[in-house]
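# Overview (structure and organization)
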Amino acid sequence: MTGAPYDLVVVGGGPAGVAGALTAALAGLRVALLDSGARLGGQYFRHAAVPEREPGLDRFLLQARLLDGRADVLTRHQVWNVSREPGGDLTVHALTRDSSGERPVTLRARRLLIATGAHDRPLPFPGWDLPGVLTAGGAQALLKGGGVLAGRRVVISGTGPFLLPVASGLAGAGAAVLGVYEANGGLGLARHPLLALGKAGEAAAYAAALARHRVPYRTRHAVIAAHGEREVEAVTVARLDPDWNVLSTRIVGCDTLAVGYGFVPQIELGTQLGCETRGDPDGSPVLRVDAAQRTSVPGVWAAGEPTGVAGWRQAEVEGRIAGRAVVSEARPVARRGPDGVLLRRRRQWRAFGEALQRAYPVRPGWQSWLRDDTLVCRCEEVPLARVREALELGATDARSVKLLARPGMGWCQGRVCGYAVSCLAGEAPRPPRRPVAQPVTLGALAEAAAEDSPDDAAR
């Protein structure tokens, strides 16, 4: 770790991170942006080397081109820890991989913008560990990032409007999408017509695409089990009541199942630094920020999903607000605080995101889909029976269930099963307390320690 610290280090190359980095760089600040992907875009604007047109992508790619040359853009860099130095600067620890292998990268920063996005929230059900079962975001990432179809005969299940672009994209690429099964009702944002108006065109385009490819869309339905010897061969689709209890079932043959029940904001870097959190309408812990996107920790801002899931437009607005606030602090003469237009847009899209979460909740009836042998934690192969045994032994929360039954102690450290374990324990998800934000090898940790303290490592 050498050289002067950056004025701003941004973690995350999606719409929030790129907007924040570009705003700060255009004002003359020394900026670095790190992202784990091969190209900027995040989950929203993940794209192949030759991107296809989609809403908002041209605008994002223009911002990314403007950023190139004005900031140090480090793709394929996975940030796993951020810490505070005694002098007040921040140390950002990352890993990068190239043809020579894996190596640590350490940056110093006066300020940090956390724009790490979110990941899919799955729910367990019998057979969800079979090859051919993946998240809706995973299916979209394969298609948009590499042009790879997750399967030929695909079923999509879960809740929320994100299922529509996934189904539309797969069908347009040649997959036979056998059905989109929405666990909640069909009203969606009908109670919020003014909020829904801004998305009406997008929704109509997806509906037209599904109709063109003859893709059935069924509300109050969900996949409650997957079947197959070595891979998915069929799924059980259930008709549900409003609480997601099963009313009737039928079998649908397929080779791929994509599921998604919302998103989990990635806030590990914020909680590492001690940032305060709050609960989103769906119960997810998110970072608490003020009007300028500042967290409770000096020198740390957050934008996009880490402050609440609300879509790419909201993420971009928050990134710009954060970037202007950073410039205002770094260059007090500039005084570029958020303007009224940005604040109004943020209120609009934040209200939209919160309305979506209330319109597409996860209902408790999903727990009735499980059997005793259903794996709740796939990494440690912990079945539901072991979780129930832990509760019978006196476990009162997800943490005590983890200590007694080991769910969440595997490779993903609870990122996949954490939500389900919390629900089974009868509590809302708690903020993550992971000193390692992303999976990292022991060899990489040792090399990073040697880089930071060569004398100590030699001993």
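Anything mentioned here points back to the structure above.
To keep things clear, this report deals only with the structure shown in the data block. (Residues numbered from 1 in each chain as written. Predicted model: local features only at pLDDT ≥ 70, side-chain atom pairs only at ≥ 80, totals over all residues. Heavy atoms only, no water.)

## A short note on the overall build of the protein
Tallying secondary structure elements over the protein gives 14 helices and 22 strands in all. Reported as C-alpha extents along the three principal axes, the dimensions of the protein are approximately 65 × 55 × 40 Å. Taken over 459 residues, the protein has a buried fraction of 52%. Put simply, of all contacts in the protein between residues at least 6 apart along the chain, 65% involve residues at least 24 apart. As displayed, the protein has an accessible area near 20,300 Å², and 51% of this comes from carbon and sulfur atoms. (Helix = DSSP H or I, 4+ residues; strand = E, 2+ residues; numbered from the N terminus. Buried < 20%, exposed > 50% of the residue type's maximum accessible area, 1.4 Å probe, protein only. Contact = heavy atoms within 4.5 Å. Areas by Shrake-Rupley, 256 points an atom, 1.4 Å probe, with all protein chains shown as cover.)

## Notes on the sheet that holds strand β16 (residues 256–260)
Overall, parallel pairing links the five strands, which are arranged β9-β16-β10-β11-β12 in an open sheet. Looking at strand neighbours, the two that pair on one side only are β9 (133–135) and β12 (217–219), the edges of this open sheet. The sheet shows a mean angle of 20° between the axes of neighbouring strands, taken without regard to direction. (Pairing = 2+ DSSP bridges. Axes fitted to C-alpha atoms, helices over the stretch in contact; angles between N-to-C directions.)

## Focus: helix α2 (residues 57–67)
If you check which residues of α2 are buried, you get L57, F60, L61, Q63, A64 and L67. Each buried residue of α2 sits inside an arc of 155° when the element is viewed along its axis, so together they form one side. Against the buried residues of α2 lie α1 (15–26), β2 (31–34), β3 (72–74) and α8 (312–330). Note on α2: the residue one or two positions beyond its end, G69, has a positive phi of about 95°. (Arc of directions from axis to C-beta.)

## Some details on the pattern of salt bridges
Summed over all chains, the structure comprises 18 salt bridges. Note that R59 and E316 form a salt bridge whose closest N and O atoms lie 2.4 Å from each other. You can see R59 sitting in helix α2 and its partner E316 sitting in helix α8, a full 257 residues away along the chain. The exposure class of E316 is buried, given its relative accessible area of 8%. In this structure, the salt-bridge partner of E102 is R97, at a minimum N-O distance of 2.6 Å. Look at R97 and you get partly exposed, because its relative accessible area is 43%. It is possible to trace a salt-bridge network through shared partners that takes in E85, D89 and R108. (Salt bridge = Lys/Arg side-chain N within 4 Å of Asp/Glu carboxyl O.)

## A short note on the packing of α1 against α2
Where α1 contacts α2, the axes come no closer than 10 Å and their chain directions differ by 40°. By the angle between their axes, α1 is oblique relative to α2. Considering the relative orientation of α1 and α2, their crossing is left-handed. Of α2, the residues touching α1 (which contributes P15, V18, A19, A21, L22 and A25) are F60, Q63, A64, L66 and L67. Partitioning the contact of α1 with α2 into residue classes produces 10 nonpolar, one polar and no charged. (Parallel < 35°, antiparallel > 145°, perpendicular 65-115°, else oblique. Left-handed = near helix turned anticlockwise from the far one by under 90°. Nonpolar A, V, L, I, M, F, W, Y, C, P; charged D, E, K, R; others polar.)

## Re the state of the cysteines
Scanning the entire structure with this criterion turns up zero disulfides. Not part of a disulfide, C377 finds its nearest cysteine sulfur in C417, a span of 4.1 Å. Accessibility expressed as a relative area gives 4% for C417, which makes it buried. (Disulfide = S-S within 2.5 Å.)

## Some words on the layout of surface pockets
Here the idea is plain: a probe the size of a water molecule rolls over the atoms and shows the empty space left. Within this model, the second largest pocket holds a volume of roughly 840 Å³. Every element with two or more residues in the lining of the second largest pocket is listed here: β17 (263–265), α11 (398–405) and α12 (418–425). A class-by-class count of the residues in the lining of the second largest pocket yields 16 nonpolar, eight polar and nine charged. (1 Å grid on protein atoms, 1.4 Å probe; cavity = no way out; pocket = protein on both sides within 12 Å on 5 of 7 lines; lining within 4 Å. Points joined across faces, edges and corners; volume = space filled by probe spheres on them.)

## Examining the packing of α8 against helix α9 (residues 340–359)
At a closest axis distance of 9 Å, the pairing of α8 and α9 adopts a crossing angle of 145°. Two packed elements cross with a definite hand, and for α8 against α9 that hand is left-handed. Listed contacts from α9 to R313, Q314, V317, E318, R320, I321 and R324 of α8 are L342, L343, R345, R346, W349 and R350. Of the residues in the contact of α8 with α9, the class split is five nonpolar, one polar and seven charged.

## Quick notes on the sheet that holds strand β14 (residues 234–240)
Across the sheet, three strands lie side by side as β13-β14-β15; this open sheet has antiparallel pairing. A strand with exactly one partner marks an edge of an open sheet, and here the two such strands are β13 (221–227) and β15 (246–253). Averaged over all pairs of adjacent strands, the angle between their axes in this sheet comes to 25°, without regard to strand direction. Taken together, the six bridges between β13 and β14 define a ladder with antiparallel strand orientation. If you follow A222 over to β14, its bridge partner there is A238.

## A word on the nonpolar core
Counting 44 residues, the largest nonpolar core has V235, W244, L257, Y261 and W366 as its most contacted members. Breaking this core down by element, the ones donating at least two residues are β13, β14, β16, β21 (375–377), α10 (384–392), α11 and α12. The element best represented in this core is α12, accounting for five residues. What W366 contacts, discounting residues up to four positions off in sequence, is L123, P124, W244, A420, C423 and L424. With 30 residues, the next largest nonpolar core counts L57, A64, W301 and V327 among its residues. (Core = buried A, V, L, I, M, F, W, Y, C linked by side-chain atoms within 4.5 Å.)

Read these as spatial facts, not as claims about activity.
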